[in-house]
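# Reading the structure
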Amino acid sequence: MPLVVMCGFPCSGKSRRTQELKEYILKNTDRKVYVVGDETVGIEQNSVYADSQKEKNLRGELRADVERKVNKDDVVILDSLNYIKGYRYELFCLIKHAQTPHCLIYCLTSPDVSSTWNNNRAREKQYTQQILDALVMRFEAPDSRNRWDSPLFTIQKDDPLPFEAISDAIFHRKAPPPNQSTQSQPLSSSNFLYELDKVTQDVVTAVLNAQKTSVPGDLIAVPEASEKIELTRSLNMAELRKLRRQFISYTKMHPTENIGKIANMFVQYLNKSIH
């Protein structure tokens, strides 16, 4: 299913636009439409968005639900904030692996408009002003120059949805080709698992050692990688070991043909996971 990713401040009209697009697709095509979002998983938004771990769990649950539903035939609409650039990149990797098109619909509003619309909601569905302000501050606006944010449709509150352009993007555009980090491939090297274990352990050791003299905001160089770890916060041994195990499990299922890329792939994985 092609994937449509909604994006915007809280109370920016994402669910209304989701319903408009769903009705258009059902009326004008023979495709099914599946909506995945905060409401479909039944969250208490003020509780979830006040707790970074709960919010991370929510993103994981939504991503997993999208992954279960996405294929090449019908349509999945992800109706959530989707305000983190790294998370939108993860969704892009997901659709590359599924080899299906996607697009991003950005519901653009001012903080004042979102606040007004929030106050007009039923009380049990309102964000607290503190949570709304915090989410607005953390919002990372999409940029069509990024391949994971493209094609991008920016919709202001009084704009009609460009239904034909959206349909063309998700039904007639070629899916992005899979690459070595998203396409399943057979193990091609007898020492792949050895190198995977060794390289990732060397990176973990380098991060732990570098943290002794580093502060949040520093870039950490690690062995065999041209990219650097963006140290946004301190990482303890337990967290690094968990991330290493997750990366190894994923990479065993999706091995790269080029062992020399393992270090950079692990660095990229760490950078996305710790932000």
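Residues numbered from 1 in each chain as written. Predicted model: local features only at pLDDT ≥ 70, side-chain atom pairs only at ≥ 80, totals over all residues. Heavy atoms only, no water.

- If you look the chain up in an unreviewed UniProt entry, it shows as Protein KTI12 homolog from Acipenser oxyrinchus oxyrinchus.

### Some words on the pattern of salt bridges
- In total, this model carries 13 salt bridges according to the counting rule given.
- For R59, the salt bridge is made with E55, and the minimal N-O distance between the two is 3.2 Å. Placement of the pair is R59 and E55 together in helix α4 (residues 52-69), with a separation of four residues, close to one helical turn. Here R59 and E55 have matching classes, each one buried. (Salt bridge = Lys/Arg side-chain N within 4 Å of Asp/Glu carboxyl O. Helix = DSSP H or I, 4+ residues; strand = E, 2+ residues; numbered from the N terminus. Buried < 20%, exposed > 50% of the residue type's maximum accessible area, 1.4 Å probe, protein only.)

### Description of unusual backbone geometry
- Look at the link from S150 to P151: it is a cis peptide, with omega at 0°.
- Within the fold, P151 resides in the loop between α7 (129-138) and β5 (152-156).
- Non-glycine residue N82 carries a positive phi angle of around 45°.
- Of note in the backbone geometry, Q99 takes a positive phi value of approximately 55° without being a glycine.
- Its place among the elements puts Q99 in the loop between α5 (85-98) and β4 (102-108).

### Some words on the packing of aromatic side chains
- Taken as a whole and judged by the stated rule, the model has seven aromatic pairs.
- Here the aromatic rings of Y24 and F163 are separated by 4.5 Å at their centres, their planes lie at 10°, and the arrangement is stacked. Taken together, the residues Y24 in helix α1 (residues 14-28) and F163 in helix α8 (residues 163-172) connect sequence positions 139 residues apart.
- Given the relative accessible area of 22%, Y24 is considered partly exposed.
- Residue F163 is classed as partly exposed on the basis of its relative accessible area of 23%.
- With a centroid separation of 5.6 Å and 50° between ring planes, the pair formed by F247 and Y269 is classed as tilted. With F247 in helix α10 (residues 237-253) and Y269 in helix α11 (residues 262-274), this pair connects stretches of sequence that are 22 residues apart. (Phe/Tyr/Trp six-rings, centres within 6.5 Å; stacked < 30°, edge-to-face > 60°.)

### Things to note about the sheet that holds strand β3 (residues 75-79)
- Taken in spatial order, the five strands line up as β2-β3-β1-β4-β5 in an open sheet, and their pairing is parallel. Strand pairing shows two members of the sheet lacking a second neighbour, β2 (33-37) and β5, which therefore form its edges. Along the sheet, successive strands turn relative to each other by an average axial angle of 20°, direction set aside.
- On the sheet, α4 packs against β1 (3-8), β2 and β3 and is oriented at approximately 165° with respect to β2. (Pairing = 2+ DSSP bridges. Axes fitted to C-alpha atoms, helices over the stretch in contact; angles between N-to-C directions. Contact = heavy atoms within 4.5 Å.)

### Quick word on the packing of α10 against α11
- Two elements in contact, α10 and α11, have axes separated by 11 Å at closest approach and are oriented at 125°. By the angle between their axes, α10 is oblique relative to α11. Two packed elements cross with a definite hand, and for α10 against α11 that hand is right-handed. From α10, L240, L243, R244, Q246 and F247 reach across to α11, where they touch I262, M265, F266, Y269, L270, S273 and I274. (Parallel < 35°, antiparallel > 145°, perpendicular 65-115°, else oblique. Left-handed = near helix turned anticlockwise from the far one by under 90°.)

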